[in-house]
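The primary structure of each chain is shown beneath.
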Amino acid sequence: MMDGLLIFDKEKGITSHDLVYKVRKKLGIKKVGHTGTLDPMATGVLVISIGKGTKTSDYILSSDKVYEAKVRLGILTDTYDITGKILEEEDVIFTEEEIKDALIKFTGKISQKPPIYSALKVKGKKLYEYAREGKDVEIKKREVEVYENELLDFNGKDEFTILVQVSKGTYIRSLAYDIGKSLGTYGALTELRRIRTGSFRIEDAIKVSDFEKLSPDEIKEKILPMDLALIDFKRIDIPKSFCEKFINGQFYKLKENFSDENYRVYSDNKFLGIGEIRKKDGEFFLKMKKNLIGDL
């Protein structure tokens, strides 16, 4: 059984689910998942999890993302991007200083409303399903964080490109819309490229077209170990003699205090899974939180 992660550079025109299907078919493995949807118009890093690697998907989903995004001002679409139906359009001219001032307003913690054409669920139903049915639905704003919002390019009039690093749940289409609104006009996303998801970078990604040419054995060489998804967690090693007991649920007594909640756990240099710290009577113990190895 193959277990781990494949890092793709998704091309335009295919969905995240299309890519999952391609991997399943190529490798003959049912247990395959993606770790963060990219719209068909978007390109860039898409982490595909395989086998036990699917158990790390939630941790990858919650990681920061970095994008290069191109925004056109003076245009409003129903999807907040250029693929949607144009609702309003006007000629606008802005200065570079005005664009930079607007970007500053959307740096740090911001309140954002997800676009109606999105897979976010409200009352058990995806928002885009409401939109296609022409039904109104209340979309609540939520807090997200923009860690970096840097102007990369500006055409001197109505289109600019930004490098933006964001927290989980941030919609770049909504960001484009909100930036336009802050400038007194509209804004629509025209291009989007994800260049990093957590610790996974575009430089390490494989193109879908190249993947399809590889044999299963060649693909196996490109599968990354699943513990790379947890690189932000500190490492703890336990003795080989206690390994089986630990996997079966016994607490491992630690000789020192540990401040973090979750750790990558290894034994004999072999990754076991995610451990969590428990404190009892002033002593610290390690307990298996998520088994990523199975039985020994």
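Residues numbered from 1 in each chain as written. Predicted model: local features only at pLDDT ≥ 70, side-chain atom pairs only at ≥ 80, totals over all residues. Heavy atoms only, no water.

The protein appears in an unreviewed UniProt entry as tRNA pseudouridine synthase B from Peptoniphilus grossensis.

1. Here's the deal with the overall build of the protein
Rule in force here: Secondary structure elements follow DSSP: runs of H or I no shorter than four residues count as helices, runs of E no shorter than two count as strands, and numbering proceeds from the N terminus. Accessible area is worked out with a 1.4 Å probe on protein chains only. A residue is then buried under 20% of its type maximum, exposed over 50%, and partly exposed in between. By the convention used here, residues are in contact when the closest approach between their heavy atoms is within 4.5 Å. Where accessible areas are quoted, they stem from the Shrake-Rupley method and a 1.4 Å probe; at the residue level, only the protein chains shown are allowed to cover. Positive charges are assigned to Lys and Arg, negative charges to Asp and Glu, while His and the chain termini are left out of the count. Taken as the charge centre is NZ of Lys, CZ of Arg, CG of Asp or CD of Glu, depending on the residue.
Looking only at helices and strands, the protein features 8 helices and 19 strands. Reported as C-alpha extents along the three principal axes, the dimensions of the protein are approximately 70 × 50 × 40 Å. Counting only residues that meet the buried cut, the protein has 50% of its 296 residues in that class. In the protein, the share of contacts with a sequence separation of at least 24, taken over all contacts with a separation of at least 6, comes to 68%. Accessible area of the protein: about 15700 Å², with a carbon and sulfur share of 45%. Across the protein, the centroid of the 53 positively charged side chains sits 7 Å from that of the 50 negatively charged ones.

2. Quick look at the UniProt feature "domain: tRNA pseudouridylate synthase B C-terminal" (unreviewed entry) in the protein
Test applied: UniProt positions are given in the numbering used here, feature names are shortened, and annotations may be inferred rather than shown by experiment.
Mapped onto this structure's residue numbering, the UniProt feature "domain: tRNA pseudouridylate synthase B C-terminal" (unreviewed entry) falls at residues 173–230. Secondary structure within residues 173–230 divides into 36% helix and 26% strand; the distance between the first and last C-alpha atoms comes to 28 Å.

3. A closer look at the UniProt feature "active site" (unreviewed entry) in the protein
Taken from the UniProt record, the annotation "active site" (unreviewed entry) applies to Asp39. In this structure, Asp39 sits in the loop between β2 (32–34) and β3 (43–50). Accessibility expressed as a relative area gives 29% for Asp39, which makes it partly exposed.

4. Quick notes on the pattern of salt bridges
In plain terms, the rule: The term salt bridge refers to a pairing of a side-chain nitrogen on Lys or Arg with a carboxyl oxygen on Asp or Glu at a separation within 4 Å.
What the rule picks out here adds up to 12 salt bridges. When the shortest N-O distance is used, the salt bridge between Glu212 and Lys22 registers 2.8 Å. Residue Glu212 is found in the loop between α6 (208–211) and α7 (216–222), and its partner Lys22 is found in helix α1 (residues 16–27); the two are separated by 190 residues along the sequence. Residue Glu276 pairs with Arg278 through a salt bridge whose shortest N-O separation is 3.0 Å. The exposure class of Glu276 is buried, given its relative accessible area of 13%. Linked through salt bridges whose partners overlap, the residues forming this network are Asp9, Arg193 and Lys207.

5. Re the environment of Thr197
Quick reminder of the rule: Between N or O atoms, a polar contact is any pair within 3.5 Å; within protein, one atom must be a potential hydrogen donor and the other a potential acceptor, and residues adjacent in sequence are included only when both atoms are from side chains.
Along the polypeptide, Thr197 turns up in strand β12 (residues 187–197). Expressed as a C-alpha distance, the spacing of Thr197 and Phe106, which sit 91 residues apart in the sequence, is 20 Å. Dropping the residues within four chain positions of it, Thr197 is found in contact with Val45, Val47, Ile60, Ser63, Asp64 and Lys65. Polar contacts involving the side chain of Thr197 include one to the side chain of Arg194, which spans 3.3 Å.

6. Observations concerning the side chain of Asp9
With respect to the secondary-structure elements, Asp9 resides in strand β1 (residues 4–10). Of the residues examined, Asp9 reaches a relative accessible area of 7% and is grouped as buried. Here the side chain of Asp9 touches Gly44 through a polar contact of 3.4 Å, landing on its backbone nitrogen. Every residue in contact with Asp9, bar those within four places of it in the chain, is listed here: Gly44, Arg193, Ile202, Ala205, Ile206, Lys207 and Val208.

7. A word on the side chain of Thr77
Among the structural elements, Thr77 can be located in strand β5 (residues 75–77). With a relative accessible area of 1%, Thr77 lands in the buried category. Polar side-chain contacts of Thr77 include one of 3.0 Å to the backbone nitrogen of Tyr80.

8. Thoughts on helix α5 (residues 172–182)
One turn of an α-helix holds 3.6 residues; hence residues three or four places apart share an orientation. By the criterion of burial, α5 is predominantly enclosed, with 8 of the 11 residues buried. Looking at α5, one finds that the buried residues are Ile172, Arg173, Ser174, Leu175, Ala176, Asp178, Ile179 and Gly180. Where α5 ends, the next residue or the one after it, Gly184, has phi of about 85°, a positive value.

9. Comments concerning the packing of aromatic side chains
Heads up, the rule is: Planes of paired rings set the category: under 30 degrees apart is stacked, over 60 is edge-to-face and the rest tilted, where pairs are Phe, Tyr or Trp rings (Trp by its six-membered ring) whose centres lie within 6.5 Å. Note on geometry: a ring has a charge over it if NZ (lysine) or CZ (arginine) is within 6 Å of the ring centre and within 35 degrees of the ring normal.
Under the definition given, this model contains 6 aromatic pairs. Between Phe8 and Phe211, the ring centres sit 5.0 Å apart and the planes meet at 75°, which makes this aromatic pair edge-to-face. Here Phe8, found in strand β1, pairs with Phe211, found in helix α6; they are 203 residues apart in sequence, far enough to count as distant. Accessibility classification places Phe8 together with Phe211 in one group, the buried group. Taken together, a centroid distance of 5.3 Å and an interplanar angle of 50° make the contact between Tyr266 and Phe271 tilted. Residue Tyr266 shares its accessibility class with Phe271, and that shared class is buried. Here the guanidinium or amino end of Arg235 rests over the ring plane of Tyr266, the centre of that ring lying 3.8 Å away.

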